[in-house]
Each structure stands twice: as structure tokens, then as C-alpha cells.
Amino acid sequence: MSETVVLAIGGNALAPAGLGDFAGQEERARGVAETAVALLDSGRRLLMVHGNGPQVGALAMAQEAVAREIPMQPLFVLGAMTQGQLGYLLAQAIGDALASSGRPRAVAAVMTQVVVRHDDPAFARPTKPIGPFFSEGRARRLAAARGWDVAEDAGRGWRRVVASPEPVEVVEASEIRRLLDEGEVVVACGGGGVPVAREGDELVGVDAVIDKDFAAALIGGLVGATSLLLLTGVDRVALDYGTPEERPLDRMTIAEARAHLADGQFPAGSMGPKVEAAAQFIEAGGREAVITSLERVADAMAGDTGTRIVA
């Protein structure tokens, strides 16, 4: 059986200058698609998971601007809307890249619901940044006027933050697995998935945004993926990042990763979720997780860069 790679890319990678116009987002999607399709050259199967932080936050702000005329939709509905938006962009771009390389246009974007728990402590501690960046002053004024929670985001500015509960189940996992088995490139768990909770026999939407890296680790385990690629803005993870003692890492075991997390090396709003998601993927049976940049994906898969997390 062919190896399956899960490629997790952030919503920021599809949002030039914070969001940009549609043409700019299309251009970004084409670049992502070329990288993704290159992974198929070794006969691999590919599952792509994407974030939606800038997009879902921008859509929420657009709704607020016209709230007097048009009723606002819940945050989980906005998550579904942006999952469709970005799923379309990526599926279209991947299909074009497949066709231009002489392959069948075999790509599917799957509307994906991801189950969370109502009692997840994350609901009491919003941490997931969404929407554009603001100065601290404007962020605090918006928070007071609109009832937002806001926080500083990794030295880049201030953003609205929302609850980000842990994903525990992917509702459409069997459909995703079937499509992969049929040779399709699959885009799924977009924006971390539409967050839902079980109430008896029903699924109900939950106002939250699931971290796409944790969703990627979960679905990767469920479909038996061998590798998880977590893309970020740097080529490798580093200890003491941003200091004169900065030391890039080529490889970490799960035990080493967890020790560095406990020491505060990887902040919750930055590299922390990626390192923890990588560890969870390995614990679920994956062979390796690699953290690197979009531009160095091919080199990382060849072992020439990136940070590998292994058992």
C-alpha cells in the first residue's frame, strides 16, 4: 500500500497581507498546490488539512458590519463557510496542478465535522487567534465594544482569540479514507473542521475554532498515515528561539519534545501546538512528523532540512 502523507498548512499561508483580495489568495493556493502535487511523485497518497484563522475572523467582522440589516451566523457556521471557500480554492488549484502534470484531475474537498467535548476547559480560556492583526489599543477598544477576547500573537500584533477545544473524533473519517484508497488527493478538516458536539444521537454546532494541527494529527492517525508535515514560517524548530543562544533542531523524540514543551521552549501561541500535535500523531501510530516551511517541503521529505519528531 502507498504511504499516506498529511500536509497541514495554516490559513495565513493562503492570506497574503493578512487576507488580500481573491486573486492574491488564488495565487497562494496555486503555490501550495504545486508543492502538494510534488509529494505525489514518489507514489504517495496525500491528505491536506488547512487552517482558516484570517478568513473566519474576517468573515465575522464583515457580518458585524452589516448586523443591523442581516442576522449574524454562529461562529461554527462561519467555519463551515470558510471551509468551503478554502476547500474550493485548494481543490481547484490542486486539480489544475494535477492536470498540468499529466495526471487525472482526482481531488476532492470533503466538508468535515470534528467532534469536541462541551466540557473541554478550552472554552474557559480562549487562545485561538482569528482575523486580522491590530495595534494593542485598537484591539482593546474592539474587545470592549464587541465583547471579544483579544491577545498578543507571537510578537506580530494583537488579534481576537476564541476557544480552541481538543478534537476527539472526525465524523467523515471513513469517507476520507475511502477517497484516499481510490487514489484521490483529499482536502479535509478545513479550518480544523466544523466544531460539533454529541448530544445523544444528534450533532450540534459549537462556537469555536479547532487548531488545524491537532485535527491533522487526529485524522492522520485515523487514516493510517505514515507522515505528518506541519508547515510554518521557519525551516526548522529551534530552542531558545530569537535569542543569541538559538539552536535549530534536526530531530526530537516524543520524550524530548514533551520535555522542551514543559520547559516553555515552544509557546502555546506559536510552535507549541505543532510540537504537541506531532507527538500525538506519533503516539497514534505515525512513523514521523516533520515541521518545516512550505518552501522547503521537498528538502524536508528528503531529510535535508526540517525538524523530525519520532518515537
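The shown structure was predicted, so the numbers you read here are calculated from the model rather than taken from an experiment.

## Quick word on the pairing of strand 17 (residues 307-310)
Thought 1: Of the two faces of strand 17, the one holding Thr-307 and Ile-309 and the one holding Arg-308 and Val-310 are both buried throughout.
Thought 2: Pairing of strand 16 (residues 288-293) with strand 17, which is carried by 3 bridges, proceeds in the antiparallel orientation. Following the sheet pairing, Ile-291 is matched in strand 17 by Thr-307.

## Looking at the sheet that holds strand 8 (residues 169-170)
Thought 1: Taken together, 4 strands build an open sheet; the order of strands is 8-4-10-11 and the sheet is mixed. At either end of the open sheet lies a strand with only one pairing partner, and these are strand 8 and strand 11 (202-205).
Thought 2: Pairing analysis gives 3 bridges linking strand 4 (residues 113-115) to strand 10 (residues 194-199), with the strands arranged parallel. The partner of Val-114 across the bridge, within strand 10, is Pro-195.
Thought 3: Packed on one face of the sheet, helix 3 (residues 75-100) meets strand 10 and strand 11 and runs near 135° to strand 10.

## Here's the deal with unusual backbone geometry
Thought 1: A positive phi is found at Cys-189, a non-glycine position, where the angle reads about 55°.
Thought 2: Relative to the helices and strands, Cys-189 resides in the loop between strand 9 (185-187) and strand 10.
Thought 3: Residue class for Cys-189 comes out buried when judged on its relative accessible area of 0%.
Thought 4: Notably, Asp-240 is not glycine yet its phi reads approximately 50°, a positive angle.
Thought 5: Residue placement: Asp-240 occurs in the loop between strand 13 (238-239) and strand 14 (247-248).

## Describing the nonpolar core
Thought 1: Counting residues in hydrophobic clusters, the biggest one holds 47 residues, and the most contacted among them are Leu-47, Ile-176 and Ile-219.
Thought 2: Counting only elements with at least two residues in this core, the list comes to strand 1 (4-9), strand 2 (45-50), helix 5 (173-181), helix 6 (212-222), strand 12 (227-232), helix 7 (254-262), helix 8 (272-283) and strand 16.
Thought 3: Judged by nonpolar contacts, the second largest core, of 30 residues, contains Val-5, Leu-7, Ala-36 and Met-301.

## Comments concerning the side chain of Thr-307
Thought 1: Looking at the element boundaries, Thr-307 is found in strand 17.
Thought 2: For Thr-307, a relative accessible area of 0% corresponds to the buried category.
Thought 3: Contact partners of Thr-307, with chain neighbours within four places excluded, come to Asp-235, Arg-236, Val-237, Leu-249, Asp-250, Arg-251, Met-252, Ala-289, Val-290 and Ile-291.

## Description of the environment of Val-6
Thought 1: Checked against the element boundaries, Val-6 lands in strand 1.
Thought 2: Between the C-alpha atoms of Val-6 and Leu-47, which are 41 residues apart in sequence, the distance is 4.8 Å.

## Here's the deal with the side chain of Asp-211
Thought 1: With respect to the helices, strands and loops of the structure, Asp-211 is situated in the loop between strand 11 and helix 6.
Thought 2: For Asp-211, a relative accessible area of 10% translates into the label buried.
Thought 3: The contact partners of Asp-211, leaving out residues within four places of it in the chain, are Lys-128, Ser-164, Gly-192 and Pro-273.

## Describing helix 4 (residues 136-146)
Thought 1: Taken together, the buried positions of helix 4 are occupied by Ala-139, Leu-142 and Ala-143. Considered in projection along helix 4, the buried side chains sweep an arc of 105° and stay on one side of the axis. When the buried face of helix 4 is taken as reference, the exposed residues oriented beyond 90 degrees from it are Arg-141, Ala-144 and Ala-145.
Thought 2: Buried residues along helix 4 sit against strand 5 (128-134), strand 6 (149-152) and strand 7 (158-162).

Quick notes on the rules
Residues numbered from 1 in each chain as written. Predicted model: local features only at pLDDT ≥ 70, side-chain atom pairs only at ≥ 80, totals over all residues. Heavy atoms only, no water. Buried < 20%, exposed > 50% of the residue type's maximum accessible area, 1.4 Å probe, protein only. Helix = DSSP H or I, 4+ residues; strand = E, 2+ residues; numbered from the N terminus. Pairing = 2+ DSSP bridges. Contact = heavy atoms within 4.5 Å. Axes fitted to C-alpha atoms, helices over the stretch in contact; angles between N-to-C directions. Core = buried A, V, L, I, M, F, W, Y, C linked by side-chain atoms within 4.5 Å. Arc of directions from axis to C-beta.

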